[in-house]
Amino acid sequence: MAKVGIVYWTSSGNTGKLAEAVKEGAEKAGAQVDLIEAEVFDPSTTASYDALGFGCPAMGVEQLEESIFEPMFESAEGMLSGKKIALFGSYGWGGGQWMKDWQERVANDGGKLVDDGLAVNGEPDADALAKAEELGAKLA
């Protein structure tokens with residue numbers, strides 16, 4: 001059974017809803033899943049997971065949330081090589097450049113992206129939640 005960690009940060013709750021759907025998809029596919037808020041995730045535990053999902057909304061000028069998520073993610077980056085990784089998050093403006101930049105970072109760290117990052121404009125609808133579940137299943 002694969003052990004999957006889903007680490008997320010949410011402000012409005014939209015990315016939190018996506019994280020729940022990713023978790024559901026991974027569990028349905030048979031994985032053991034830990035859903036962890038970014039502020040309590042210990043990057044040193046990265047090695048204990050077979051796969052990781054990271055969720056963060058776009059902030060500012062299409063960037064990851066700076067005070068909690070970005071420092072946590074930077075700490076985990078050196079440990080992503082060879083890991084299955086999924087990225088997801090919501091945004092309210094722009095064209096999703098933050099997700100493209102984030103995927104590039106993971107690829108440069110040697111992480112194996114299981115799919116294109118899931119970037120959802122605004123509150124996730126049923127279709128977006130279904131895509132998040134599919135993303136979770138791919139992680140499992």
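Residues numbered from 1 in each chain as written. Predicted model: local features only at pLDDT ≥ 70, side-chain atom pairs only at ≥ 80, totals over all residues. Heavy atoms only, no water.

Draft legend 1. Region of interest: the pattern of salt bridges. Applying the stated criterion to the full structure yields eight salt bridges. In this structure, Glu70 and Arg105 form a salt bridge, with 2.9 Å as the shortest nitrogen-oxygen distance. Residue Glu70 is located in helix H2 (residues 69–77), and its partner Arg105 is located in helix H3 (residues 97–108); the two are separated by 35 residues in the primary sequence. Look at Glu70 and you get buried, because its relative accessible area is 14%. The salt bridge involving Arg105 is made with Glu77; its shortest N-O contact spans 2.9 Å. (Salt bridge = Lys/Arg side-chain N within 4 Å of Asp/Glu carboxyl O. Helix = DSSP H or I, 4+ residues; strand = E, 2+ residues; numbered from the N terminus. Buried < 20%, exposed > 50% of the residue type's maximum accessible area, 1.4 Å probe, protein only.)

Draft legend 2. Representation of the packing of helix H1 (residues 14–28) against helix H4 (residues 126–139) within the structure. Contact geometry of H1 with H4 gives a least axis separation of 6 Å together with a crossing angle of 45 degrees. By the angle between their directions, the pair H1 and H4 is classed as oblique. Read as a crossing pair, H1 and H4 show a hand that is right-handed. Facing Lys17, Leu18, Ala21, Val22, Glu24, Gly25, Ala26 and Lys28 of H1, the residues of H4 in contact are Ala128, Leu129, Ala132, Glu133, Gly136, Ala137 and Leu139. When its residues are assigned to classes, the contact of H1 with H4 shows nine nonpolar, two polar and four charged. (Axes fitted to C-alpha atoms, helices over the stretch in contact; angles between N-to-C directions. Parallel < 35°, antiparallel > 145°, perpendicular 65-115°, else oblique. Left-handed = near helix turned anticlockwise from the far one by under 90°. Contact = heavy atoms within 4.5 Å. Nonpolar A, V, L, I, M, F, W, Y, C, P; charged D, E, K, R; others polar.)

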